Amino acid sequence: MIEMESSLLSFAKASEKETSVLIQVKDVDIYYGENHAVRQVNMPIHERSITALIGPSGCGKSTFIRTINRMNDLIPTARCEGHIDYHGINILSPKVDVVKLRKEIGMVFQQPNPFPKTISENIQLPLKFAGVRNKRKLKDVTEQCLKQVTLWDEVKDRLDRSATGLSGGQQQRLCIARALALKPGVILLDEPTSALDPVSTAKIEELLLQLKKDYTIVIVTHNMQQAARIADYTAFFYQGELVEFGTTKKLFTQPEKKDTADYIAGRFG
Amino acid sequence: MSSKVTNRIALSVIILCACILVGTLAALLGYILVQGVTSISWDFLTSPSSPFMAGGGIKDQLWNSLYVLIITMILTVPIGVCGGIYLAEYARPGKLTSFIRSCVEVLASLPSIVVGMFGMLIFVNYFGWRYSVLSGALALTVFNLPVIVRVTEDGFRSLPRHQKEGGLALGLTHWHTIKTILLPAAFPSILTGIILSAGRVFGESAALLFTAGLTTPNLDFTNWNPSAPNSPLNMFRSAETLSVHIWSVNTSGIIPDIEKVANGSAAVLVICVLLFNLFARAVGKMINQKLSGRH
């Protein structure tokens, strides 16, 4: 078992360096109606690094990540208590302008969700809404974003074709490109590769390792190997609680809690 | 019984039902067209009807049908689509919303003769618009509006949830997400609903008997001033539509060629609905392609 874990870690970052904390989560509780879905979460999210949230299905990891850009506001029964501090502002405060917040903290979902529009419109839509009118600028940003996700060479001749004609992996990279267009500070990814094949998954993982040079990334994954391969920090959720948080290396080699050890050893979940 | 046999039986029953459906439709269409096509001529389409002599046409009735349809659609589509968006996107689930929704359903299934009587009492008598294009279009609005609300709401609800989340997660406002992402995505299904309802409006007679009337003034197709009493565009003149014409010729006509006129009108009505469907579909496909890009 130990051997397997260390082989997982051969992918992980050798250059682990301390980075400053960008988001501080303090005593967060999330309820769906009567159901106390997430309990007392405290954790930091470090700048320009990848933080993975792992745990078995229904452990609250997706619920938690959707709180960071207030996507849970869409669910009428969802309620959230506690603090998530970002640049000194409590994201969870009702005074926060969620539209502005989501420009700053972008999100990519499990199911690739390109809009049924052309490839370039998919990227330009948020820009146009943000008030960019200059055609030259729109074109440049489109190209730049598509290059960042290594999609440019594949689609540069069909930017005016429908985005729904792309393969699943291409669609997901387009969705990431779209989230990058507004130059957010943080990108949240909710199981971004679970609907994709292994080759597309590998491409996205490589991409995330590139992106963390400029962006802070939080990723939910049910795939421990994925967390081990790309994440700098890992948080293990179980039954609505944050069981353990630490550097990926520490969490996978010297877990402090028994549940964590059992989960990463594949004994449940 | 083995599952294979069950499967065969189910398949046969489904095919049988499909055959009955197609057969009925083909028979009905074939009958109407075969009976009527011979009476259709350029002259029939472009000459006014005659009250008691043979050889009358349906020019005015055809125009009235189209005109009432257009006015009804102008009244119902914008309000209906907005109402549907409200119910699908903004209305909070609760007693009031479900009350509104059941009102919409009841309104959509009202018998059209009842709508006609209501239209007569309100638009014709109370507002004093007499038998007119406007009264007719408003009566049709009463039962077409809920249909449009319904198809719009269904169109929005059938969209995958992640489309909406995708828009909001990009920092778009709710309204902007609706306008730029959800409405274009729901457009094909809304259009189909509008086409179907337009067919119903075009063929409606009972609701128009007492609202648009059974007569048409002598229309002067060179006078397009909407306020002139004999202008085709005048909204306050009575307007017998094609389907009302079929009914009135058959029940109380004294012209010698009743059968010819009735059959011809029926065929024209059916052909118009078919053409209208084809045309709307073609336009819809074009708009959809423009909105979503080529595949």
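Residues numbered from 1 in each chain as written. Chains lettered and ligands numbered in written order. Predicted model: local features only at pLDDT ≥ 70, side-chain atom pairs only at ≥ 80, totals over all residues.

Moving on to the overall build of chain B. Secondary structure assignment for chain B yields eleven helices and zero strands. Going from N to C terminus, chain B has its helices and strands arranged as α-α-α-α-α-α-α-α-α-α-α. Counting only C-alpha atoms and orienting by the principal axes, one finds that chain B spans roughly 70 × 55 × 40 Å. Burial analysis of chain B (295 residues in total) assigns 38% to the buried set. For chain B, contacts bridging at least 24 residues in sequence account for 73% of all contacts bridging at least 6. (Helix = DSSP H or I, 4+ residues; strand = E, 2+ residues; numbered from the N terminus. Buried ≥ 20, exposed ≤ 12 C-beta atoms within 10 Å, placed from the backbone. Contact = placed C-beta atoms within 7 Å.)

The subject of this paragraph is the interface of chain A and chain B. Residue-level contacts link 26 residues of chain A with 21 residues of chain B. Of all the secondary structure elements, the ones that give two or more residues to the side of chain A that touches chain B are α3 (98–104), β6 (105–108), α4 (119–129) and α7 (168–180) of chain A. Counting residues per element, the side of chain A that touches chain B draws most heavily on α3(A), which supplies four residues. Of the residues that constitute the side of chain A that touches chain B, the class distribution is twelve nonpolar, seven polar and seven charged. (Nonpolar A, V, L, I, M, F, W, Y, C, P; charged D, E, K, R; others polar.)

The next subject is the pairing of strand β8 (residues 216–220) of chain A. Residue and element names in this part refer to chain A. Of all five residues that make up β8, five are buried, and the element is covered over most of its length. Residues of β8 alternate between two faces, with Thr216, Val218 and Val220 on one and Ile217 and Ile219 on the opposite face, all of them buried. Direction of pairing for strand β3 (residues 50–54) relative to β8: parallel, over a ladder of four bridges. Considered in β8, the bridge of Leu53 is made with Val220. (Pairing = 2+ DSSP bridges.)

All names here are of chain A. Where α7 contacts helix α8 (residues 198–211), the two axes come as close as 9 Å, and the packing angle between them is 20°. Between α7 and α8, the angle falls in the class roughly parallel. Like other packed secondary-structure pairs, α7 and α8 cross with a definite hand, here right-handed. Taking contact as the criterion, the partners of Gly168, Gly169, Gln172, Arg173 and Ile176 in α7 are, on α8, Ser200, Lys203, Ile204 and Leu207. By residue class, the composition of the contact of α7 with α8 is three nonpolar, four polar and two charged. (Axes fitted to C-alpha atoms, helices over the stretch in contact; angles between N-to-C directions. Parallel < 35°, antiparallel > 145°, perpendicular 65-115°, else oblique. Left-handed = near helix turned anticlockwise from the far one by under 90°.)

Take the environment of B:Leu168 next. Position of B:Leu168 among the secondary structure elements: in helix α7 (residues 161–169). Accessibility expressed as a C-beta count within 10 Å gives 23 for B:Leu168, which makes it buried. Along the backbone, B:Leu168 and B:Ile178 are ten residues apart, and their C-alpha atoms lie at a distance of 9.9 Å. If near-sequence neighbours (up to four positions away) are discounted, B:Leu168 is found in contact with A:Met71, A:Arg102 and B:Thr177.

All names here are of chain A. Positive phi values are uncommon outside glycine, yet Asp27 reaches one of about 50°. For Asp27, the location among the structural elements is in strand β1 (residues 21–32). A count of 11 C-beta atoms within 10 Å places Asp27 in the exposed class. Here the phi dihedral of Gln40 falls at roughly 45°; this positive angle occurs in a residue that is not glycine. With respect to the helices, strands and loops of the structure, Gln40 is situated in strand β2 (residues 35–46).

Turning our eyes to something else, we now look at the confidence of the model for chain A. All names here are of chain A. Looking at chain A, the pLDDT average stands at 89 and 93% of residues meet or exceed 70. No element of chain A has a lower mean pLDDT than helix α1 (residues 2–9), at 46, and none a higher one than β8, at 96. Across residues 1–16 the pLDDT falls below 50, and counting only partners more than four positions away or on other chains, this stretch makes 21 contacts in the model. (pLDDT = per-residue confidence, 0-100.)

Formed by 134 residues in total, the largest nonpolar core has its most connected members in A:Leu53, A:Ala177, A:Leu188 and A:Val218. Top contributing element to this core by residue count: helix α6 (residues 133–157) of chain B, with 14 residues. (Core = buried A, V, L, I, M, F, W, Y, C linked by C-beta atoms within 7 Å.)

Residue and element names in this part refer to chain A. Bridge analysis of β1 against β2 gives eight bridges, and the strand direction is antiparallel. What sits directly across from Ile23, in β2, is Ile45. Linking two consecutive strands that pair antiparallel, namely β1 and β2, is a turn of two residues; a positive phi of about 60° is found at Gly33 within it.

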